[in-house]
Amino acid sequence: GKKKGRDVLTLLSHASEKLRGDSAFMYWAVTTCCGHTPTGKVQIHRRDVLKLATSALLGDAEFVLSIMGYVGDRVPDADTHNMYLKGVIAPSLLRDRAFVYQAAQCDVRVIRSASRDLLGSVCFVESVMRAVVDKNAVPVKIAVPGAMTICNPARMVLHSASFALRWDQKLIEILPEAARKEYLVVSRFCYRRARTRWQRAVRVLVAIQRMHKDVEARDASAREA
């Protein structure tokens, strides 16, 4: 109880694998040892504690969801996945349909890291959108440094889906009217920008092919001479 900061992490790193694989103990470590000191200084980061858990525990959906629920209760708008779980939990969880469905209801931003198979499934995307469409808007960072924008959770799910599903009319209709109009404006802008980039890439390739043909023609004429 008197240990603070890095000392606690040192003690945890020397704990047995059985103890670091115990869900109750690691949940206690995350919820008790982490947080801020009375002066506001970060004592221990939850991510550092989670890194010490065993791979089997980090692949346990129930444990990870309990951590997400705890953090979500303490800090409602926290980017739980990116701040604490990204690169820490087992990649197999992000391919688990049931886990991603439940995790998206704790923090919808987890959908960005879901597997391509899940994001390409119209049934899965629709189920997640319907589950989060009535939740509070989520603050999201935009291209401007330090700037934030408010985004409907269902819109974030649809924007993270595969490109083939982003224009699915059935999925677009799930969005509230205001979010639907904003989504269509942003999607059309992204589509035009992507189309412009592809057109530029094609023009560059065509120019390279023409240069290559010109070089071959000059070499052929030189050989004939």
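In this report, we go over the structure that sits alongside the text. (Residues numbered from 1 in each chain as written. Predicted model: local features only at pLDDT ≥ 70, side-chain atom pairs only at ≥ 80, totals over all residues. Heavy atoms only, no water.)

### Notes on the overall build of the chain
For the chain, the helix and strand inventory stands at 13 helices and 4 strands. Here the chain, with 225 residues, has 36% of them falling under the buried criterion. Across the chain, the fraction of contacts at a sequence separation of at least 24, relative to all contacts at a separation of at least 6, is 57%. (Helix = DSSP H or I, 4+ residues; strand = E, 2+ residues; numbered from the N terminus. Buried < 20%, exposed > 50% of the residue type's maximum accessible area, 1.4 Å probe, protein only. Contact = heavy atoms within 4.5 Å.)

### Digging into the nonpolar core
One finds Val 49, Leu 50, Val 64, Phe 99, Ile 111, Met 129 and Val 157 to be the most contacted residues of the largest nonpolar core, which totals 58 residues. Here the element with the most residues in this core is helix 6 (residues 61–74); it accounts for 7 residues. Beyond its immediate chain neighbours, meaning those up to four positions away, Phe 99 contacts Ala 61, Val 64, Leu 65, Ile 89 and Leu 93. (Core = buried A, V, L, I, M, F, W, Y, C linked by side-chain atoms within 4.5 Å.)

### A word on the pattern of salt bridges
On inspection of all chains with the given rule, the structure shows 3 salt bridges. In this structure, Glu 126 and Arg 130 form a salt bridge, with 3.2 Å as the shortest nitrogen-oxygen distance. Taken as a pair, Glu 126 and Arg 130 lie in helix 10 (residues 122–132) at a separation of 4 residues, close to a single helical turn. Residue Glu 126 pairs with Lys 170 through a salt bridge whose shortest N-O separation is 3.5 Å. Of the two residues, Glu 126 sits in helix 10 while Lys 170 sits in helix 12 (residues 169–172), which places them 44 residues apart along the sequence. Three or more residues joined by partner-sharing salt bridges are found here, namely Glu 126, Arg 130 and Lys 170. (Salt bridge = Lys/Arg side-chain N within 4 Å of Asp/Glu carboxyl O.)

The values are spatial; any link to function lies outside them.
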